[in-house]
Amino acid sequence: QVQLVESGGGLVQAGGSLRLSCAASGRTFSRYAMGWFRQALSNKREFVAGISSSGGSTYYADSVKGRFTISRDNAKNTVYLQMNNLKPEDTAVYYCAADNPPYSDLVVAVSYEYDYWGRGTQVTVSS
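Residues numbered from 1 in each chain as written. Predicted model: local features only at pLDDT ≥ 70, side-chain atom pairs only at ≥ 80, totals over all residues. Heavy atoms only, no water.

J.: Please clarify how the overall build of the chain should be interpreted in this entry.
T.: Along the chain, the regular secondary structure elements total zero helices and 11 strands. Reading the helices (α) and strands (β) of the chain from amino to carboxyl end gives β-β-β-β-β-β-β-β-β-β-β. What you see for the chain is a C-alpha radius of gyration of 13 Å, in line with the 14 Å of a compact globule of 127 residues. Expressed along its principal axes, the backbone C-alpha trace of the chain runs to roughly 40 × 25 × 25 Å. Relative to its full complement of 127 residues, the chain shows a buried share of 44%. Long-range pairs, those at least 24 residues apart, make up 60% of the contacts in the chain between residues at least 6 apart in sequence. Taken as a whole, the chain presents about 6800 Å² of accessible surface, with 44% of it coming from carbon and sulfur. Side-chain charges of the chain comprise 12 positive and 10 negative groups, with the mean position of each set lying 5 Å from the other. (Helix = DSSP H or I, 4+ residues; strand = E, 2+ residues; numbered from the N terminus. Rg over C-alpha atoms; globule rule 2.2 N^0.38 Å. Buried < 20%, exposed > 50% of the residue type's maximum accessible area, 1.4 Å probe, protein only. Contact = heavy atoms within 4.5 Å. Areas by Shrake-Rupley, 256 points an atom, 1.4 Å probe, with all protein chains shown as cover. Lys, Arg positive; Asp, Glu negative; His and termini not counted. Charge placed at Lys NZ, Arg CZ, Asp CG, Glu CD.)

This is the structure we're talking about:
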């Protein structure tokens, strides 16, 4: 199994930036596609960004495209989410997730396909 721990959340003003990190356990991290999801208060968990196991493919929700960047460092067993030009509507708990895909270049954008989840980190963007 894979254990995931997010970090880097906090309070930031609109227009600011944050970088989230997700540290993964295990020796098979490079086999997993990774995703970031978020859940705002009273909302359902939604896909934010995903990256294939090799890092060669990425996919973003329309709401964050051009502002957020997902990346990974397989040597460090870590995936990142760089968030720029943050907006109040980005306020949510952000979760890191791992998926064992059937193909190495596949990115999955639906939460139920992911096998492992971190506990989340709070991101709050003030006006």
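J.: What exactly am I supposed to notice about the nonpolar core here?
T.: Within soluble globular proteins, side chains that are nonpolar tend to cluster in buried spots. Counting 34 residues, the largest nonpolar core has Met34, Trp36, Leu81, Met83 and Tyr94 as the members making the most contacts within it. Listing elements by their share of this core, those giving two or more residues are strand 3 (18–24), strand 4 (33–39), strand 5 (46–51), strand 7 (68–73), strand 8 (78–83), strand 9 (92–99) and strand 11 (121–126). With five residues, strand 9 is the single largest residue contributor to this core. Here Met83 is in contact with Gly16, Ser17, Leu18, Leu20, Arg67, Phe68, Tyr94 and Val123, once residues within four sequence places are set aside. (Core = buried A, V, L, I, M, F, W, Y, C linked by side-chain atoms within 4.5 Å.)

J.: What is the right way to look at the pairing of strand 9 in this model?
T.: Side-chain direction in a regular strand flips from residue to residue, so the side chains alternate between the two faces of the sheet. Burial analysis of strand 9 places eight of its eight residues in the buried class, which makes it a mostly covered element. Alignment of strand 4 against strand 9, held across seven bridges, turns out to be antiparallel. Bridge pairing in strand 9 links Arg38 to Tyr94. The sheet contact formed by strand 9 and strand 11 spans three bridges and is antiparallel. Each bridged residue has a counterpart across the sheet, and for Val93 the counterpart in strand 11 is Gln122. Looking at chain direction, strand 9 and strand 10 (residues 116–117) are connected through two bridges and run antiparallel. What sits directly across from Ala98, in strand 10, is Tyr116. (Pairing = 2+ DSSP bridges.)

J.: Would you mind showing me how to read the sheet that holds strand 8 here?
T.: Paired through their backbone hydrogen bonds, the strands of a sheet run either parallel or antiparallel. Spatial ordering of the open sheet is given by 1-3-8-7, a layout of four strands whose pairing is antiparallel. This sheet does not close on itself; its edge strands, each paired only once, are strand 1 (4–7) and strand 7. Adjacent strand axes in the sheet meet at a mean angle of 15°, parallel and antiparallel pairs treated alike. Sheet topology note: the strand 1/strand 3 ladder contains four bridges and is antiparallel. By the bridge assignment for strand 3, Ser7 is matched with Ser21. (Axes fitted to C-alpha atoms, helices over the stretch in contact; angles between N-to-C directions.)

J.: For this particular structure, what's the right way to read the pairing of strand 8?
T.: For strand 8, the tally of buried residues reaches five of six residues, placing the bulk of the element in the interior. Sheet analysis places strand 7 next to strand 8, joined by six bridges and oriented antiparallel. Note that in strand 8 the partner of Ser71 across the bridge is Tyr80. Linking strand 7 back to strand 8 in an antiparallel pair, the connection comprises four residues, with Asn77 at a positive phi of about 55°.

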